[in-house]
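Chain residues, written in single-letter form:
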Amino acid sequence: MDNNPVTTPPVNNPIPLQQPQVLKAKSNLGRNLVMIISAVLIVVILIATGYLLFLNNTKKSVNTQVYVQPTVPAGPTATPTPSAYQINPKDTSDNAITNDAAAVNQSLGNLDSDLSNVDQSFNDQQTNLQ
Amino acid sequence: MKKIILIVFLGIMLTTGTAHALNNPLGTGANPAQREAGLASRAAVITQAQANISQDLKQRAEKEITRRINFLNELITQLNGIKKISSAEKADLQTQIQAQIDDLNTLQTKINSDTDNVTLKTDVKSIVSNYYIFLFFRVKINLLAATDRASTISDNMSQIYSKLQARINQAQAAGDDVTNSNLLLADINAKITDANTQITAIQTELTSLTAQGYPGNKPTLEDARTKLKTVGTDLKTAYKGALQIRNDLKGLKIKNPEASSSAH
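A quick note: this is a predicted structure, and the numbers were derived from the prediction, not measured.

Next up on the list: the overall build of chain A. When you go through chain A residue by residue, the secondary structure sums to two helices and zero strands. By the burial criterion, 24% of the 130 residues in chain A qualify as buried. Taken as a whole, chain A presents about 9,400 Å² of accessible surface, with 61% of it coming from carbon and sulfur.

What follows is the structure, given as structure tokens:
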């Protein structure tokens, strides 16, 4: 019998709890980096998009300024032709005179319109075409 | 992990590169091919802008020419309705107005076919420079039409005057006091006479005026307008006098001479 028992050397087992802690720390670092870069990327994209939109709007506003349509005044109105009321010279009745006077009164109103048209034609202004 | 970083980096490069290319059409700092493409892009923008200017000018010119042609056609219609000017004068005026319409149509055709903006602007400018001719016809025809109406009113007032005179004579024969009516009648006669004198003077003034003389002859047109306003005042006064006589006659012994009238 061998009195010297074989002693198995003690096995140095690594501490299992420390390794996962290191791995977890590395994983957070990478995720943070991705987050930061993504944020920067989004900011850059937003700035670039905003700048492009700004440029487009500027061009459009310049074009609009150049091609503004002027307001064209309404065309002049032509004078209506005189009415064709015929007076019967032989009818001297009150009724006939009243009708004749009414016709003259209407014509005087039309004459006022004619005079307004004359005034308007004197004051007519040329549309700016330049 | 490295792959993700690489993808993100490439994404940033791609985005900023695209933005730079879009914002720098001239391709400054780019290679010759890109620069050439940028110049071509700029030339296209300029060409488009010129085309827009041309289109805008043509549209405005067309609108103005159409407005004038329509109004000149209305003037011809108005002219044909005037009774108290000679046929020869009417035909002469109509020919002149028609010539204006023809010129404007020719100008419209030319403007439509203009290909460069310098010529186009000159043609559009000619619409403005010919404006006096358009304005002259407008004023003259309006004055002629108004004078024609005034002349018709004056004729009608003369007939009413005659009727009132006949009624006053009847009332006087019946023994009524017609002193006031006779005074009013004399005033009506004076106003009608003055109106006719002014109308004749206006027609004489207007006949001799030509479009080529405008705006030099504008004072004559303005004088015709002043005379026309005097005519209007004369005729209104005469009308009021006629109404007064008619009302006075209603209070006299001879109320309504229907039976003695040979009317109808």
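Moving on, we get to the pattern of salt bridges. Within this structure, the stated rule accounts for 14 salt bridges over all chains. Salt-bridge contacts for Asp-119 of chain A lead to Lys-229 of chain B; the nearest nitrogen and oxygen are separated by 3.3 Å. Within this pair, whereas Asp-119 of chain A is found in helix H2 (residues 94-122), its partner Lys-229 of chain B is found in helix H7 (residues 218-250), the two belonging to separate chains. Of the charged contacts in the structure, one is a salt bridge between Lys-84 of chain B and Asp-155 of chain B, with a shortest N-O distance of 2.3 Å. With Lys-84 of chain B in the loop between helix H2 (32-81) and helix H3 (87-113) and Asp-155 of chain B in helix H5 (residues 131-173), this pair connects stretches of sequence that are 71 residues apart. With relative accessibility at 36%, the residue Asp-155 of chain B sits in the partly exposed group. Taken together, the shared-partner salt bridges in this structure form one network comprising Asp-119 of chain A together with Arg-225 and Lys-229 of chain B.

Let us now look at the packing of H5 of chain B against H7 of chain B. Residue and element names in this part refer to chain B. Running from N to C, H5 and H7 point in directions that differ by 25 degrees, and their axes come no closer than 9 Å. One finds that H5 runs roughly parallel with respect to H7. Judged by the twist between their axes, the crossing of H5 over H7 is left-handed. Broken down by class, the residue content of the contact of H5 with H7 amounts to 21 nonpolar, two polar and four charged.

Residues and elements named next belong to chain A. Per-residue confidence for chain A averages 71 on the pLDDT scale, and 54% of its residues sit at or above 70. A low-confidence stretch, residues 61-76 stays under pLDDT 50, and its non-local contacts, those more than four residues away or across chains, total 18 contacts. Counting interchain partners and residues more than four positions distant, the pLDDT-below-50 stretch residues 78-82 has 17 contacts.

Turning our attention to the nonpolar core. By size, the foremost hydrophobic cluster in this structure holds 69 residues, and its most contacted members are Ile-97, Met-157, Leu-164, Ile-188 and Leu-221 of chain B. At 19 residues, H5 of chain B tops the list of elements feeding residues into this core. Once residues lying within four places of it in the same chain are set aside, the contact partners of Met-157 of chain B are Val-104 of chain A together with Ile-188, Ile-192, Leu-235, Ala-238, Tyr-239 and Ala-242 of chain B.

So, on to the packing of H5 of chain B against helix H6 (residues 179-207) of chain B. Residues and elements named next belong to chain B. Relative orientation of the contacting elements H5 and H6 amounts to 160 degrees, with a least axis distance of 9 Å. One way to sum up the angle between H5 and H6 is to call them roughly antiparallel. Note on packing geometry: the crossing formed by H5 with H6 is left-handed. Partitioning the contact of H5 with H6 into residue classes produces 13 nonpolar, 12 polar and one charged.

Okay, H3 of chain B next. Residues three or four positions apart in an α-helix share a direction because the helix packs 3.6 residues into each turn. All names here are of chain B. Here H3 contains 27 residues, and its C-alpha end-to-end distance of 39 Å stays within 8% of the 39 Å for a straight helix at 1.5 Å per residue. Of all the positions in H3, only Glu-89, Lys-90, Leu-93, Ile-97, Gln-100, Ile-101, Leu-104, Leu-107, Gln-108 and Ile-111 are classed as buried. Looking at the buried side of H3, the elements it contacts are H2, helix H4 (117-129), H5 and H6.

This brings us to the side chain of Glu-205 of chain B. Summarising the element assignment, Glu-205 of chain B is placed in helix H6. Excluding anything up to four places from it in sequence, Glu-205 of chain B contacts Thr-220, Asp-223, Ala-224 and Lys-227 of chain B.

Take the confidence of the model for chain B next. Residue and element names in this part refer to chain B. Here chain B averages 86 in pLDDT, while 84% of its residues score no lower than 70. Confidence, expressed as mean pLDDT per element, reaches its minimum in chain B at helix H1 (residues 2-23) with 59 and its maximum at H6 with 96. Between residues 258-264, whose pLDDT stays under 50, and residues either more than four places distant or in other chains, the model counts 12 contacts. The ipTM assigned to the predicted complex is 0.73, against a pTM of 0.64.

To continue, consider unusual backbone geometry. In this structure, Pro-215 of chain B follows Tyr-214 of chain B across a cis peptide bond, with omega equal to 10 degrees. You can see Pro-215 of chain B is positioned in the loop between H6 and H7.

All names here are of chain B. Relative to the helices and strands, Phe-71 is located in helix H2. Its relative accessible area of 2% is what places Phe-71 among the buried residues. Expressed as a C-alpha distance, the spacing of Phe-71 and Phe-134, which sit 63 residues apart in the sequence, is 9.2 Å.

This part covers the side chain of Arg-246 of chain B. For Arg-246 of chain B, the position within the fold is in helix H7. The side chain of Arg-246 of chain B sits in the buried core without any salt bridge; Asp-94 of chain A is the nearest counter-charge, 6.7 Å away. Once residues lying within four places of it in the same chain are set aside, the contact partners of Arg-246 of chain B are Ile-97 and Thr-98 of chain A together with Leu-164 of chain B.

Moving on, we get to the packing of aromatic side chains. Using the criterion set out here, one finds four aromatic pairs over all chains in the structure. Where Phe-136 of chain B meets Phe-137 of chain B, the ring centres are 5.6 Å apart and the plane angle is 65 degrees; that geometry is what we call edge-to-face. Taking relative accessible area as the criterion, Phe-136 of chain B reaches 0% and is therefore assigned buried. A connected cluster of aromatic rings, assembled from ring pairs, spans Tyr-132, Phe-136, Phe-137 and Tyr-214 of chain B. Just above the ring of Phe-71 of chain B sits the side chain of Arg-138 of chain B; from NZ or CZ to the centre is 5.2 Å. The ring of Phe-122 of chain A is capped by Arg-225 of chain B, whose NZ or CZ atom sits 4.2 Å from the centre of that ring.

Reading the values: the criteria
Residues numbered from 1 in each chain as written. Chains lettered and ligands numbered in written order. Predicted model: local features only at pLDDT ≥ 70, side-chain atom pairs only at ≥ 80, totals over all residues. Heavy atoms only, no water. Helix = DSSP H or I, 4+ residues; strand = E, 2+ residues; numbered from the N terminus. Buried < 20%, exposed > 50% of the residue type's maximum accessible area, 1.4 Å probe, protein only. Areas by Shrake-Rupley, 256 points an atom, 1.4 Å probe, with all protein chains shown as cover. Salt bridge = Lys/Arg side-chain N within 4 Å of Asp/Glu carboxyl O. Axes fitted to C-alpha atoms, helices over the stretch in contact; angles between N-to-C directions. Parallel < 35°, antiparallel > 145°, perpendicular 65-115°, else oblique. Left-handed = near helix turned anticlockwise from the far one by under 90°. Nonpolar A, V, L, I, M, F, W, Y, C, P; charged D, E, K, R; others polar. pLDDT = per-residue confidence, 0-100. Contact = heavy atoms within 4.5 Å. Core = buried A, V, L, I, M, F, W, Y, C linked by side-chain atoms within 4.5 Å. Expected span 1.5 Å × (residues − 1). Lys, Arg positive; Asp, Glu negative; His and termini not counted. Phe/Tyr/Trp six-rings, centres within 6.5 Å; stacked < 30°, edge-to-face > 60°. Lys NZ or Arg CZ within 6 Å of the ring centre and 35° of its normal.

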